[in-house]
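Reading the structure
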Amino acid sequence: MVLLREEISLSRAFINYADPKNRPAKQVYYFSMEFLIGKLLHNYLINIGIQDIVAEGLEELNIDLQELLAQECDAGLGNGGLGRLAACFLDSMAFLGIAGHGNGIRYKYGLFEQKIVNGYQTEVADHWLKNGYPWEVRKPDKSVVIKYKGKVRVENINDRLVFHHENYEPVLAVPYDIPIVSYENPFLVNNLRLWSAEPLSSELDLALFNQGNFTQALSNKSEVEAISYILYPEDSNLAGRELRLKQEYFFVAAGLATIVRNYKKNHGSLRDFSQGVSIHINDTHPALCIPELMRILIDEEGMDWEESWNITVDAISYTNHTIMPEALEKWPLDLFRNLLPRITMIIEEIDRRFKEKLLRRFFNSEELFRSTPIIKEGQIYMANLAMIGSHSVNGVAKLHTEILKKHVFKDFHRIFGYKFTNLTNGVNHRRFLLTANPLLSELITEGIGPGWKTNAGELAELHRFKEDSAFLDRLAQVKYQNKLRLAEIIAKGQGIQIDPHSLYDVHVKRIHAYKRQLLNVLKVMDLYNRLLADPGSVQGTYTFIFGGKAAPGYHYAKSIIKLIHVIADKINQEPRIKEQLKVVFMENFNVSSAERIYPAADLSEQISTAGKEASGTGNMKFMMNGALTIGTLDGANVEIREAVGEDHIFIFGLTAEEILAHNLNRTYRSWDEYHANPRLENILEQLISKQFMENDGEFRTVYDSLLLYNDEFFVLKDFAAYMKTFGEAADRYAAQEQWLRSSLHNIAESGVFSTDRTIREYAHQVWRVRCRRMD
Ligand code: 26V
């Protein structure tokens, strides 16, 4: 590993950045609170192109490369989709020759490790740094002082207001750099910079220490270190805690300070800053980039408001990743003012000027005045700040962007229509296909050559083999081998024997009511009931695989995990059906286990309530690995259907529009579904039956959510359609050759979902930066 790092720095030495032709036109900085990077060694070996030679060398030393790879810790500095997308983007930016760097937080503890105890999720701290991390380089000389609290003194000097931030509490931000190596381009290494919080000076603590004030000395230190201590494990509910806001300002201020410092070193002045720098904010968590850049330009560079504002808006772009109202960030103004007094002043001024302009342009539209201001009723709305302070706003799938424009941000769309674009997500196909599925990758390369690795669109050439039964047989063999591998992992991990010939129906993602793992559970219960009542009523054998973490305080999601385990125990032990159905919950679903699961899946469950899942990216990873999707018309499922055609995907359920109409007109009554469907009625009663569940009414809240609270996520409404469509999928699977053809068809059409495509779109449309790798 040491050798590798030397190689990397060696490769850097070859580039003369002083030579303008080597200097990338523009630097892109991707600000994200989360980077779910997973393991890196395998990725490095593949990207540098030395996997085989390293494997051979290790063999001579009697070391198995796979075993070695397994030793690396999985860097889980993210919750789910948003964080993994950021990691895929870094890879594709490096591949395309964009000077694109990540900027985030070096959490001492990443996303908790999930341990299942008696069917319940428990959380264990993820001390991923405990044995050191070989890929990071600490850069203490590039540290930055971050200022919290204190007071702002305003002075009038020569008719100019000058702002002095005094009596602040300083925190030292120390960067750690992780190299992002480009695929097949050893000369291009980008940087992921993660910031760690440390007390500014040990002397300060020492002074307190020497006075005998030990407790105070230590508590100052831990208060500071708390900032980069832990990743918040909530991905859909903002607790509005001060520490989280501290984290947000921390990596924003540290990142911008170094960017500005570098830029000034190379260009002298900041006048053309936005021509040389793009700052992308991944959701609203880094939205403080807007007031912080304004602060630097005004307070430190002495620019006037107008010029600073133009530079800021021109440099910054924003991606929205969710429309769930409870995940849209808002903060109490008082909390803000106390923690970030100068930043709050700037936000107030941005808000004041925005309202002033609004009044001039839309003087008679009350609705606009109600919805768009940044500060309302004592709260700061971060999405509104992000909309107003950036030149580009994008959603992450076509449907999602439409919902943003027509509903969630419709008033902003009236004002800033020109800012809105759609940039459909992708996944890094070199990680989730080339690296994660070597058998399939070899088969593809044998069939169409290696070009798909650098141009995922070439996967379309696989269509040639649709009628080639020898090729389809080999595709089946590859899938079987991958299923066997997963069966072994499951047997070893939880002692459950699954049949690799059965249909693997896989539902892995964060556990959330809107993602409707419950709908899948109801399906499994129904199959179970039918099989018990009439053994011939269900054909085929099935393995239902679930996986995913629940936010620690999200009780409903935790009950769903328990429910899956109760049903799994019941089914797996039932002698009359255990040969036909199996249910497995994969503990601690993370990037590494995902890389084993996707290649082994037959059916990909993407069954969120239409309109709720912004895009989804697991759906794309499954598709690339030859799984067929059963899903609703939600997020990028819509575009997967567009790509493969409706014969090669199993779509069911209400559309986003229908759901909207039900909500608007209050026309949905979940009791009607209950009464209309005896099978459903039976399952629901089983949920609260002490005999059936063998517990004390533990799932009453789940039952109540469906009936007493009128089933907010339309689980019951979509149940019948889901069962019918699942039946169709099962029939297709039974007709193996047809299934294989569809599977190949999905792989062939998956190229468009590579982040290489997504990043090219960002580069052209948003960042206006050239890709050095030609289009
Ligand atoms: C939101 C919040 C809300 C407040 C507390 C902390 C916290 C942390 C993370 C988030 C982000 C949730 C948004 C998210 O992960 N969205 C997912 O983004 C994926 C990439 O665009 C997309 O595929 C998923 O559909 C979307 O749910």
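Residues numbered from 1 in each chain as written. Predicted model: local features only at pLDDT ≥ 70, side-chain atom pairs only at ≥ 80, totals over all residues. Heavy atoms only, no water.

**Regarding the overall build of the chain**
Heads up, the condition is: A run of H or I in DSSP becomes a helix once it reaches four residues, and a run of E becomes a strand once it reaches two; helices and strands are each numbered from the N terminus. Note on exposure labels: buried denotes an accessible area under 20% of the residue type's maximum, exposed denotes more than 50%, and partly exposed covers the range between, all computed with a 1.4 Å probe on protein chains only. The contact criterion used is simple: two residues touch if any of their non-hydrogen atoms lie within 4.5 Å. Only the protein chains shown count as cover for residues, and all accessible areas are computed by the Shrake-Rupley method using a 1.4 Å probe. His is not counted here, nor are the chain ends, while Lys and Arg score as positive and Asp and Glu score as negative. Charged groups are reduced to one reference atom each: NZ for lysine, CZ for arginine, CG for aspartic acid, CD for glutamic acid.
Looking only at helices and strands, one finds 33 helices and 25 strands in the chain. Projecting the C-alpha coordinates of the chain onto the three principal axes gives extents of approximately 90 × 65 × 60 Å. Relative to its full complement of 775 residues, the chain shows a buried share of 59%. Long-range pairs, those at least 24 residues apart, make up 75% of the contacts in the chain with a sequence separation of at least 6. Split by element, the accessible area of the chain, about 31700 Å² in all, is 51% carbon and sulfur. Side-chain charges in the chain split into 88 positive and 100 negative, and the spacing between the mean points of these groups amounts to 4 Å.

**Re the site of the ligand**
Quick note on the threshold: Being near a molecule or strand, for a residue, comes down to having at least one heavy atom within 4 Å of it. Polar contact criterion, stated in full: a pair of N or O atoms within 3.5 Å, where within protein one must be able to donate a hydrogen and the other to accept it, and residues adjacent in sequence count only if both atoms are side-chain atoms.
If you check the shell around the ligand, you find 20 residues, and the closest are His321, Asn425, Glu613, Ser615 and Gly616. Within the side chain of His321, a nitrogen or oxygen atom sits 2.6 Å from an oxygen atom of the ligand. Measuring from an oxygen atom of the ligand, one finds a backbone N or O atom of Ser615 at 3.0 Å. Considered on its own, the ligand offers 590 Å² of accessible surface; in the complex 94% of this is hidden by protein.

**A closer look at the pattern of salt bridges**
Threshold: One side-chain nitrogen of Lys or Arg within 4 Å of one carboxyl oxygen of Asp or Glu is enough to make a salt bridge.
Throughout the structure, instances matching the rule amount to 52 salt bridges. In this structure, Glu113 engages Lys115 in a salt bridge whose closest nitrogen and oxygen atoms are separated by 2.8 Å. The class for Glu113 is partly exposed, based on a relative accessible area of 28%. As a salt-bridge pair, Glu574 and Arg576 come within 2.7 Å of each other at their nearest N and O atoms. Taking relative accessible area as the criterion, Arg576 reaches 62% and is therefore assigned exposed. If you follow the salt bridges from partner to partner, you end up with Glu306, Glu349, Arg352, Arg353, Glu356 and Arg360 in one network.

**Looking at the sheet that holds strand 24 (residues 628-631)**
Keep this limit in mind: Only strands joined by at least two bridges in the DSSP assignment are considered to pair. Here, axes are lines fitted to C-alpha atoms. For helices the fit covers the stretch in contact, and angles between N-to-C directions go from 0 to 180 degrees.
Pairing within the open sheet is parallel, and its six strands lie in the order 22-21-20-23-24-25. Since the sheet does not close on itself, it has two edges, and those belong to strand 22 (581-586) and strand 25 (650-651), each with one partner. Relative to strand 23 (residues 603-606), strand 20 (residues 503-508) runs parallel, the two being bridged by two bridges. Each bridged residue has a counterpart across the sheet, and for Val506 the counterpart in strand 23 is Ser604. Against the sheet, helix 22 (residues 555-572) touches strand 21 (542-547) and strand 22, its axis set at about 145° to strand 22. Together, strand 23, strand 24 and strand 25 form the strand contacts of helix 32 (residues 736-748), whose direction differs from that of strand 24 by roughly 90°.

**Comments concerning the sheet that holds strand 16 (residues 375-376)**
Read across the sheet, three strands follow the order 15-17-16 without closing on themselves; strand pairing throughout is antiparallel. On the outer flanks of this sheet lie strand 15 (330-332) and strand 16, each paired with one strand and no other. As paired elements, strand 15 and strand 17 (residues 379-381) share three bridges and run antiparallel to each other. Directly across from Trp331, in strand 17, lies its bridge partner Ile380.

**Side note on the UniProt feature "modified residue: N6-(pyridoxal phosphate)lysine" (unreviewed entry) in the chain**
Heads up, the rule is: UniProt positions are given in the numbering used here, feature names are shortened, and annotations may be inferred rather than shown by experiment.
Annotation from UniProt places "modified residue: N6-(pyridoxal phosphate)lysine" (unreviewed entry) at Lys621. Looking at the secondary structure, you find Lys621 in helix 24 (residues 618-624).

**Things to note about the environment of Cys88**
Here Cys88 lies in helix 5 (residues 81-95). In the structure, Cys88 is positioned 344 residues away from Phe432 in sequence and 9.8 Å away in space, judged by C-alpha atoms. Look past the residues within four positions of Cys88 in its chain and what remains in contact with it is Val427, Asn428, Phe432 and Thr755.

**Brief notes about empty space enclosed by the protein**
Just so we agree on the cut-off: Using a 1 Å grid laid over the protein atoms alone, points where a 1.4 Å probe fits but cannot get out form a cavity; open sets with protein on both sides within 12 Å along at least 5 of 7 lines form a pocket; any residue with an atom within 4 Å of a point counts as lining. Grid points are joined across faces, edges and corners, and a volume is the space filled by probe spheres set on the points. The nonpolar class holds Ala, Val, Leu, Ile, Met, Phe, Trp, Tyr, Cys and Pro. Asp, Glu, Lys and Arg form the charged class, and all remaining residues, Gly among them, are polar.
Using the criterion set out here, one finds eight cavities of 30 Å³ or more in the structure. Its volume calculated, the largest cavity comes out at about 80 Å³. As for the largest cavity, its lining consists of Ile37, Leu40, Asn43, Tyr44, Arg84, Ala87, Leu90, Asp91, Pro179, Ile180, Val181 and Arg431. Mapped by element, the contributors of at least two residues to the lining of the largest cavity are helix 2 (41-48), helix 5 and strand 11 (169-181). Broken down by element, the lining of the largest cavity gets its largest block of residues, four residues, from helix 5. Taken together, the residues of the lining of the largest cavity break down into eight nonpolar, one polar and three charged. In this model, the second largest cavity occupies a volume close to 60 Å³.

**So, the environment of Leu340**
If you trace the backbone, Leu340 turns up in the loop between helix 12 (333-339) and helix 13 (341-361). Of the residues examined, Leu340 reaches a relative accessible area of 2% and is grouped as buried. Separated by 190 residues in sequence, Leu340 and Gly150 have C-alpha atoms that sit 8.2 Å apart. Non-local contacts of Leu340, meaning those with residues more than four positions away in its chain, are made with Tyr148, Leu245, Tyr249 and Leu288.

**Points about the packing of aromatic side chains**
Which entries qualify depends on this criterion: When two rings of Phe, Tyr or Trp (its six-membered ring) have centres within 6.5 Å they constitute a pair, described as stacked for plane angles under 30 degrees, edge-to-face for angles over 60, and tilted for the intermediate range. Consider the ring centre and the ring normal. A charge sits over the ring if Lys NZ or Arg CZ is within 6 Å of that centre and within 35 degrees of that normal.
Using the criterion set out here, one finds 28 aromatic pairs in the structure. Where Phe95 meets Tyr183, the ring centres are 6.4 Å apart and the plane angle is 50°; that geometry is what we call tilted. Here Phe95 is found in helix 5, whereas its partner Tyr183 is found in the loop between strand 11 and strand 12 (189-198), with 88 residues between them in sequence. Between Phe412 and Phe416, the aromatic rings sit 6.2 Å apart at their centres with planes inclined by 10°, giving stacked as the arrangement. One exposure class covers both Phe412 and Phe416, and it is buried. In textbook terms, an aromatic cluster arises when at least three aromatic residues are bridged by ring pairs, as seen for Phe354, Phe409, Phe412, Phe416 and Tyr418. Geometry around Phe432 places Lys621 over its ring, the cationic atom sitting 4.5 Å from the centre.

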